[in-house]
There are 2 protein chains.
Amino acid sequence: MKIKNDIISCKTCVYRTLLFGCLDDIEYKMINNARREVLFHKGEKIKSEFEKINSFLYLRRGLVKLYKTDHTGKDHILSINKPGDFINLLCIFTNETYNYSISTLEETLACEVDINVLEHLIKANGDFAISIVHRMGHIAGEIIESRFEQSQQQIKGRIASILLFFADQVYHRKTFELPITRREFGELISMTTENTIRTLSDFNNDGIIATKGKTINILDYDFLWKIKVNG
Amino acid sequence: MKIKNDIISCKTCVYRTLLFGCLDDIEYKMINNARREVLFHKGEKIKSEFEKINSFLYLRRGLVKLYKTDHTGKDHILSINKPGDFINLLCIFTNETYNYSISTLEETLACEVDINVLEHLIKANGDFAISIVHRMGHIAGEIIESRFEQSQQQIKGRIASILLFFADQVYHRKTFELPITRREFGELISMTTENTIRTLSDFNNDGIIATKGKTINILDYDFLWKIKVNG
DNA sequence: AAAGATAGGTGATTTATATCATACTTTAAA
DNA sequence: TTTAAAGTATGATATAAATCACCTATCTTT
């Protein structure tokens, strides 16, 4: 991890409208002063479960995984998060400690804002409070939706969902480098590594995707959607 | 459904401290005026998915299920909610419509507060905004936790968790009437009705619980906990 | 009281997934 | 640069859960 000198201001940040659209000049200054940019290298653990929360985290560049480790030592990935995501907003005002760990999957640039300043702004600016509440509901809705989806799917449907997530939500192309290992892929869909590998091989053999190591090329995008929706 | 004349005021409500502890007298009056008590009979559908959200819902007595119906017509229960729960807080400021349906499992008394008044209070009272944000995070944390738990469990562990939920969180006794059918039990743990029934029978035959129709008596509470934790 | 619908229950069989074993490949460390 | 450790891959087998079939009991409605 490396703390960077401020390069941009919140006011001109591309993600500004997502949450900070309603702040006035003085409030921007407050956020800007209470904030630092942090660069994490690939594979770095940003936060540990049970670590005290004292900042609001905001992804500017890169990719992270949110995960929990069970009592047998096995990891379970809750979600993959990308630029624009507020990766700890849901738990920030609730717990004194994180209830999941966060690690980077790529080199990642994040903004860290002192939690007390954010709390102050929520109290002082009603519109900002509403956007926080709005954003939290949005994140929770995605968790509910993905849980609902997974409970209807078998392994093929789950694999298809994740492949489409990377293609549509993260890389915006049909060919991309998978940022996770096969083991992590399994941890994300609650399946074993072996069956995850096998199913990716099946998709490859069936001509739905072409795999070469970490490179994935989606050949039959529409069929992948059918698999995602129907099982 | 039956609209009741106001009997109690928010100020003396037993659940006041959960969310409304920081309101002043004028604000209490606002909530009280914008609020109505509604009594739903057993099995009634309170809200439908895709229905417009225009009130904040607050359980005072009874029990409800939150669920979604998939494209094959099968229901998936997201959670069972009990008195003191804010059953639509997570999505209230996000969507214009519900993203799940709500039905009662028992006769249920709820408070409905006009959403605009709640939004006004969030904007006007910073401490109230903080308690809303705090409470939302708490609810989201429970969803994350239950998802993490389920992904580690097979059917026995899931059944044990639900039985302990009813005993510890809802009825506060080891003997209770199951408020859901075996089918709904399955919808709650993402297992088929048949296997749910079979596992309850197994628990009964093994002397862990005693079942008679809807009546459940937990005989070996500690062992049920072991099953919940270890699989 | 009869008839139909829903709920509870159990066995047999099929299917999906986990587990175990083993090999080869790539990456990281000594 | 060799060695060790992960990661990828695939087959065989075991286990968990779904499905199908059928039956009885209990509500609901007429």
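Please read these numbers as outputs of a predicted model, since none were measured by experiment. Counting from 1, residues in each chain are numbered in the order their sequence is written. Starting at A for chains and at 1 for ligands, labels are handed out in the order in which the entities are written. Under the rules for a predicted model, residues below a pLDDT of 70 receive no local features and side-chain atom pairs below 80 are neither given nor counted, while totals for whole chains, interfaces and linings still include all residues. With hydrogens and water set aside, each side-chain value is computed from the structure's full complement of heavy atoms.

Peer 1: An account of the protein's contact with DNA strand D is requested, with residue identities and associated values reported.
Peer 2: Of all residues adjacent to DNA strand D, which total 16 residues, the nearest are R182, R198, S201 and K214 of chain A together with N195 of chain B. Contacts described as polar in this section are N or O atom pairs within 3.5 Å, which, within protein, must combine one atom able to donate a hydrogen with one able to accept it, while residues neighboring in sequence count only if both atoms come from side chains. A distance of 2.7 Å separates a phosphate oxygen of DNA strand D from a polar atom in the backbone of R182 of chain A. One nitrogen or oxygen atom from the side chain of K214 of chain A is found 2.7 Å from a phosphate oxygen belonging to DNA strand D. In this text, helices come from DSSP runs of H or I with a minimum length of four residues, and strands from runs of E with a minimum of two, each type numbered from the N-terminal end. Mapped by element, the contributors of at least two residues to the surface near DNA strand D are helix 7 (182-189) and helix 8 (193-205) of chain A together with helix 8 (193-205) of chain B. Here the surface near DNA strand D gets 4 residues from one element, more than from any other, and that element is helix 8 of chain A. Classifying every residue of the surface near DNA strand D by side-chain character gives 3 nonpolar, 6 polar and 7 charged. One heavy atom suffices: a residue is near a molecule or strand as soon as one of its heavy atoms comes within 4 Å of it. As a working rule, the residues Ala, Val, Leu, Ile, Met, Phe, Trp, Tyr, Cys and Pro are called nonpolar, Asp, Glu, Lys and Arg charged, and the rest polar, with Gly in that last group.

Peer 1: Talk me through the interface of chain B and chain A; I want residue IDs and the actual numbers.
Peer 2: When checking whether two residues touch, look at their non-hydrogen atoms; a contact exists if any pair is within 4.5 Å. At the interface, 38 residues of chain B touch 38 residues of chain A. Joining two parts hides part of their accessible area as seen by a 1.4 Å probe, and the buried area is that hidden amount summed over both. Summed over both partners, the interface of chain B with chain A comes to about 3500 Å²; 68% of that surface belongs to carbon and sulfur atoms. Ionic pairing is found between K123 of chain B and D127 of chain A, a salt bridge with its closest N-O pair at 3.6 Å. Taken together, the links from chain B to chain A amount to 9 residue pairs in polar contact (both at pLDDT 80 or more). By convention in these notes, a salt bridge is any Lys or Arg side-chain nitrogen within 4 Å of a carboxyl oxygen on Asp or Glu.

Peer 1: Run through the domain arrangement of chain A, naming residues and quoting values.
Peer 2: Residues and elements named next belong to chain A. Assigned domains of chain A: these are domain 1 (2-125) and domain 2 (153-230). Taken over C-alpha atoms, the centre of domain 1 sits 28 Å from the centre of domain 2. The interface of domain 1 with domain 2 comprises 11 residues on the first partner and 10 residues on the second. Here domain 1 and domain 2 share an interface that buries about 940 Å² over both sides, 61% of which is from carbon and sulfur atoms. Summed over the three residues of domain 1 that lose the most area to domain 2, namely I77, I80 and K82, the buried surface amounts to 49% of that side. Our enumeration of links across domain 1 and domain 2 arrives at 1 salt bridge. Across the salt bridge formed by E184 and K65, the nearest N and O atoms sit 2.7 Å from each other. The tally of links from domain 1 across to domain 2 stands at 3 residue pairs in polar contact (both at pLDDT 80 or more). Domain limits in this description derive from either an automatic procedure or a database domain assignment.

Peer 1: Pulling in residues and values, what's your account of the sheet that holds strand 10 (residues 209-212) of chain A?
Peer 2: Residue and element names in this part refer to chain A. Pairing within the open sheet is antiparallel, and its 3 strands lie in the order 9-11-10. Looking at which strands have only one partner, the edges of the open sheet turn out to be strand 9 (175-177) and strand 10. Ignoring strand direction, the axes of neighbouring strands in this sheet form an average angle of 15°. The angle between two axes is taken between their N-to-C directions and runs from 0 to 180 degrees, where each axis is a line fitted to C-alpha atoms and a helix contributes only its stretch in contact. Strands in contact with helix 6 (residues 155-171) are strand 9, strand 10 and strand 11 (215-218); relative to strand 9, the strand with the most contacts, it is inclined by about 95°. In this description, strands pair whenever DSSP reports at least two bridges between them.

Peer 1: Tell me what's going on with the side chain of D70 of chain A, and back it up with residues and numbers.
Peer 2: The topology assignment puts D70 of chain A in the loop between strand 5 (64-69) and strand 6 (75-81). No salt bridge forms around the buried D70 of chain A; measuring N to O, its nearest opposite-charge neighbour K74 of chain A is 6.4 Å away. Excluding anything up to four places from it in sequence, D70 of chain A contacts H76 of chain A together with F148 and Q152 of chain B. Relative accessibility decides the category of a residue: with a 1.4 Å probe and only protein chains considered, values under 20% of the type maximum give buried, values over 50% give exposed, and everything between is partly exposed. Neither His nor the chain termini are counted; the positive set is Lys and Arg, and the negative set is Asp and Glu.

Peer 1: How would you explain the relation of the copies chain B and chain A if you had to name every residue and give the values?
Peer 2: The copies are overlaid by a least-squares fit using only the C-alpha atoms of residues whose pLDDT is at least 70 in both copies. When chain B is fitted to chain A, the residual RMSD is 0.0 Å, and the transformation amounts to a turn of 180° plus an axial shift of 0.0 Å. This pairing of chains is accounted for by a two-fold axis. Looking at the interface residues of chain B, 100% of them are also at the interface in chain A, so both copies use one shared face.

Peer 1: Summarise the protein's contact with DNA strand C; cite the residues concerned and give the values.
Peer 2: The local shell around DNA strand C holds 16 residues, among which N195 of chain A together with R182, R198, S201 and K214 of chain B are the closest. At 3.2 Å, a backbone N or O of I155 of chain A approaches a phosphate oxygen of DNA strand C. A distance of 2.7 Å separates a phosphate oxygen of DNA strand C from a polar side-chain atom of S201 of chain B. Contributions of two or more residues to the surface near DNA strand C are made by helix 8 of chain A together with helix 7 (182-189) and helix 8 of chain B. In terms of residue count, helix 8 of chain B provides more of the surface near DNA strand C than any other element does, 4 residues in total. A class-by-class count of the residues in the surface near DNA strand C yields 3 nonpolar, 6 polar and 7 charged.

Peer 1: How would you summarise the layout of surface pockets if you had to cite specific residues and measurements?
Peer 2: Grid spacing is 1 Å over the protein atoms alone, the probe is 1.4 Å, and a cavity is where that probe fits but cannot get out, while a pocket is an open set with protein on both sides within 12 Å along at least five of seven lines and lining residues have an atom within 4 Å of a point. Grid points are joined across faces, edges and corners, and a volume is the space filled by probe spheres set on the points. Considering only enclosed or pocket space, the largest pocket measures out at about 1400 Å³ in volume. Lining the largest pocket are 47 residues; nearest its centre among them are E142, I143, E145, S146 and F165 of chain A. Where the lining of the largest pocket is concerned, the elements lending two or more residues are strand 6, helix 3 (89-92), helix 5 (126-152), helix 6 and helix 9 (221-230) of chain A together with helix 5 (126-152) of chain B. Among the elements that make up the lining of the largest pocket, the one with the highest residue count is helix 5 of chain A (12 residues). The class makeup of the residues in the lining of the largest pocket is 20 nonpolar, 16 polar and 11 charged.

Peer 1: With reference to specific residues and values, describe unusual backbone geometry.
Peer 2: Residue and element names in this part refer to chain A. In this structure, F50 takes a positive phi of about 80° despite not being glycine. Classification of F50 as exposed rests on a relative accessible area of 62%. For S190, which is not a glycine, the phi torsion comes out positive at approximately 55°. With respect to the element layout, S190 can be found in the loop between helix 7 and helix 8. Accessibility expressed as a relative area gives 34% for S190, which makes it partly exposed.

Peer 1: Which residues make up the sheet that holds strand 7 (residues 101-104) of chain B, and what are the values?
Peer 2: Residue and element names in this part refer to chain B. Strands sit in the order 3-7-5-6 across an open sheet of 4 strands; the sheet is antiparallel. Looking at the sheet topology across the chains shown, the edges are occupied by strand 3 (45-47) and strand 6 (75-81). Strand after strand, the sheet turns through a mean of 30° between neighbouring axes, direction not considered. Bridge count for strand 5 (residues 64-69) against strand 6 is 6 bridges, and the pairing is antiparallel. Of the residues in strand 6, the one forming a bridge with Y67 is I77.

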